[in-house]
Amino acid sequence: MAQARAKIILAGEHAVVYGHPAIAQPIDLEVRIHAIKSLEPGLVFLNPKMDPQHKSDSLFAQVQPKLVSLFGDRVEKLVFEIDSDIPGGCGLGSSAALSVGLIRAALEHFGESGSPEEIALMALELEKIFHGNPSGVDHTVIAHEDLIWFQNGQVEKINAYRPLKFSIMMASPHAGTRAVVEAVRQRRLQDEVAVNKIFSGISEIVFSMRSQIEQGNLREMGLLMNRNQRLLKQLGVSTPELDQLCEQAIQNGALGAKLTGAGGGGCVIALFAE
Ligand code: MEV
């Protein structure tokens, strides 16, 4: 049985699509996938928590040609049984985890293995089905299973001075990462200067956050998360519900809170002291 974990983005979402850095880490929710030889190939979702968009035969019609191009005709006779704990449309990387999990399941079935880099490269082909033109941070952090710095396809592992303890709160799901990323692209077409300024601000936060993580300054990290959230709000990807969850988290003792992933709904992450 292959598995792939969900992820959170600590800082840098959206700006990362335009070449700025982001910091991300896996979390303890996972999708488990088993590839079995079958006369009726397909994707079988065993868990209704999965985003309904992932349940259709039309998804398999898009996934299978990609798998055939990566693994050859031998993959044509496989059914993938998918059991996921990761809610869809919540910014936790359900589709990226599905992409990585399918690659790992096929490799496992054929008795093969791949490095995180190789798995990420193959999973990118599947991620494109869901997101069109993803930055790659989602499936890369899931393939690497570590706290990472990601920029333009390059990955560095970050060594945290102390464990990072996040709470994750869920608002209503969003309309899909692709739609929110497209809305930001449109906004940038209308006002490139303003949006680029927001991206530069986010980028500065990501650089500072890396130092704070490496030095173990959780309080500073929390303040950076709050700043990142204000910029995401300016960008138009937060919602009143997400803002309220951030405020509630801070009232309840969080050092900082922000939306994670595409926004427009989805999840808030809140950092707590050890
Ligand atoms: C989605 O988890 C992160 C975004 O930055 C999109 C991407 O990086 O492709 C919003």
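Scope of this entry: the structure provided in the associated data block.

1. Remarks on the overall build of the chain
Part 1 of the reasoning: Helix and strand content of the chain: eight helices and nine strands.
Part 2 of the reasoning: By the compact-globule yardstick of 19 Å for 274 residues, the chain fits well, its C-alpha radius of gyration being 18 Å.
Part 3 of the reasoning: With respect to the principal axes defined by its C-alpha atoms, the chain has extents near 55 × 40 × 30 Å.
Part 4 of the reasoning: Burial status across the chain gives 54% buried among its 274 residues.
Part 5 of the reasoning: Taking the intrachain contacts of the chain between residues at least 6 apart in sequence as the baseline, contacts between residues at least 24 apart amount to 73%.
Part 6 of the reasoning: Here the chain displays about 12,100 Å² of accessible surface, and carbon together with sulfur accounts for 49% of that area.
Part 7 of the reasoning: Averaging the coordinates of the 25 positive side-chain charges in the chain and doing the same for the 31 negative ones gives two points 4 Å apart.

2. Side note on the packing of helix H1 (residues 57–71) against helix H2 (residues 94–109)
Part 1 of the reasoning: Where H1 meets H2, the axes come as close as 12 Å, and the angle between the chain directions of the two elements is 50 degrees. Comparing their axes, H2 and H1 come out oblique. Where H1 crosses over H2, the handedness of that crossing is right-handed. Contacts from Leu59, Val63, Leu67, Leu70 and Phe71 in H1 reach Leu98, Leu102, Ile103, Ala106 and Leu107 in H2.
Part 2 of the reasoning: When grouped by side-chain class, the residues that make up the contact of H1 with H2 number ten nonpolar, no polar and no charged.

3. A few points about the site of the ligand
Part 1 of the reasoning: Neighbouring the ligand are 13 residues, the closest being Lys7, His14, Val16, Ser135 and Asp138.
Part 2 of the reasoning: In this structure, Lys7 approaches the ligand through a side-chain N or O atom, which is 2.9 Å from an oxygen atom.
Part 3 of the reasoning: One nitrogen or oxygen atom from the side chain of Asp138 is found 2.8 Å from an oxygen atom belonging to the ligand.
Part 4 of the reasoning: For the ligand, the accessible surface in isolation is 300 Å², of which the surrounding protein chains cover 97%.
Part 5 of the reasoning: Of all the secondary-structure elements, those providing two or more residues to the shell around the ligand are strand S1 (2–11) and helix H4 (137–144).
Part 6 of the reasoning: Across the shell around the ligand, the residue classes tally to seven nonpolar, three polar and three charged.

4. Regarding the side chain of Thr260
Part 1 of the reasoning: Secondary-structure assignment places Thr260 in strand S8 (residues 256–260).
Part 2 of the reasoning: Within polar-contact distance, the side chain of Thr260 engages the backbone nitrogen of Ile9 at 2.8 Å.
Part 3 of the reasoning: Setting aside anything within four residues of it in sequence, one finds Thr260 in contact with Ile8, Ile9, Glu13, Cys90, Gly91, Leu92, Cys267 and Ile269.

5. As for the pattern of salt bridges
Part 1 of the reasoning: This model, assessed by the stated rule, comprises 15 salt bridges.
Part 2 of the reasoning: As a salt-bridge pair, Asp85 and Arg32 come within 3.0 Å of each other at their nearest N and O atoms. Taken as a pair, Asp85 in the loop between strand S4 (78–84) and H2 and Arg32 in strand S2 (residues 22–37) lie far apart in primary sequence, 53 residues in all.
Part 3 of the reasoning: We classify Asp85 as partly exposed; its relative accessible area is 23%.
Part 4 of the reasoning: With its nearest N and O atoms 2.9 Å apart, the salt bridge here joins Arg210 to Glu156. One end of the pair, Arg210, is in helix H6 (residues 192–215); the other, Glu156, is in strand S6 (residues 154–157), with 54 residues separating them in the sequence.
Part 5 of the reasoning: For Glu156, a relative accessible area of 40% corresponds to the partly exposed category.
Part 6 of the reasoning: One network of salt bridges, with partners in common, ties together Glu30, Arg32, Asp83 and Asp85.

6. Here we look at the nonpolar core
Among soluble globular proteins, nonpolar side chains are generally buried collectively.
Part 1 of the reasoning: With 91 residues, the main nonpolar core has Leu10 and Phe80 as its most contacted residues.
Part 2 of the reasoning: Here this core gets nine residues from one element, more than from any other, and that element is H2.
Part 3 of the reasoning: Once residues within four sequence positions are removed from consideration, Phe80 is found in contact with Ile33, His34, Ala35, Gly42, Leu43, Val44, Leu67, Val75, Leu102, Ala105 and Ala106.

7. Some words on the sheet that holds S8
Part 1 of the reasoning: In spatial order, the strands read S7-S9-S8; together these three strands make up an open sheet with antiparallel pairing. A single partner strand is all that each edge strand has here, and the edge strands are strand S7 (165–170) and S8. In this sheet, adjacent strand axes meet at a mean angle of 25 degrees when their direction is disregarded.
Part 2 of the reasoning: Two elements, S7 and strand S9 (residues 267–272), share six bridges in a ladder whose sense is antiparallel. Looking across to S9, one finds that Phe166 is bridged to Leu271.
Part 3 of the reasoning: The strands touched by helix H7 (residues 218–235) are S7, S8 and S9; relative to S8, the strand with the most contacts, the crossing angle is about 45 degrees.
Part 4 of the reasoning: Where helix H8 (residues 240–251) meets the sheet, its contacts fall on S7, S8 and S9, and the angle it forms with S8 comes to roughly 155 degrees.

Basis of the calculations
Residues numbered from 1 in each chain as written. Predicted model: local features only at pLDDT ≥ 70, side-chain atom pairs only at ≥ 80, totals over all residues. Heavy atoms only, no water. Helix = DSSP H or I, 4+ residues; strand = E, 2+ residues; numbered from the N terminus. Rg over C-alpha atoms; globule rule 2.2 N^0.38 Å. Buried < 20%, exposed > 50% of the residue type's maximum accessible area, 1.4 Å probe, protein only. Contact = heavy atoms within 4.5 Å. Areas by Shrake-Rupley, 256 points an atom, 1.4 Å probe, with all protein chains shown as cover. Lys, Arg positive; Asp, Glu negative; His and termini not counted. Charge placed at Lys NZ, Arg CZ, Asp CG, Glu CD. Axes fitted to C-alpha atoms, helices over the stretch in contact; angles between N-to-C directions. Parallel < 35°, antiparallel > 145°, perpendicular 65-115°, else oblique. Left-handed = near helix turned anticlockwise from the far one by under 90°. Nonpolar A, V, L, I, M, F, W, Y, C, P; charged D, E, K, R; others polar. Near = heavy atom within 4 Å. Polar contact = N/O pair within 3.5 Å; in protein donor to acceptor, adjacent residues only side chain to side chain. Salt bridge = Lys/Arg side-chain N within 4 Å of Asp/Glu carboxyl O. Core = buried A, V, L, I, M, F, W, Y, C linked by side-chain atoms within 4.5 Å. Pairing = 2+ DSSP bridges.

From the geometry alone we can't say anything about function, so treat these as descriptive.
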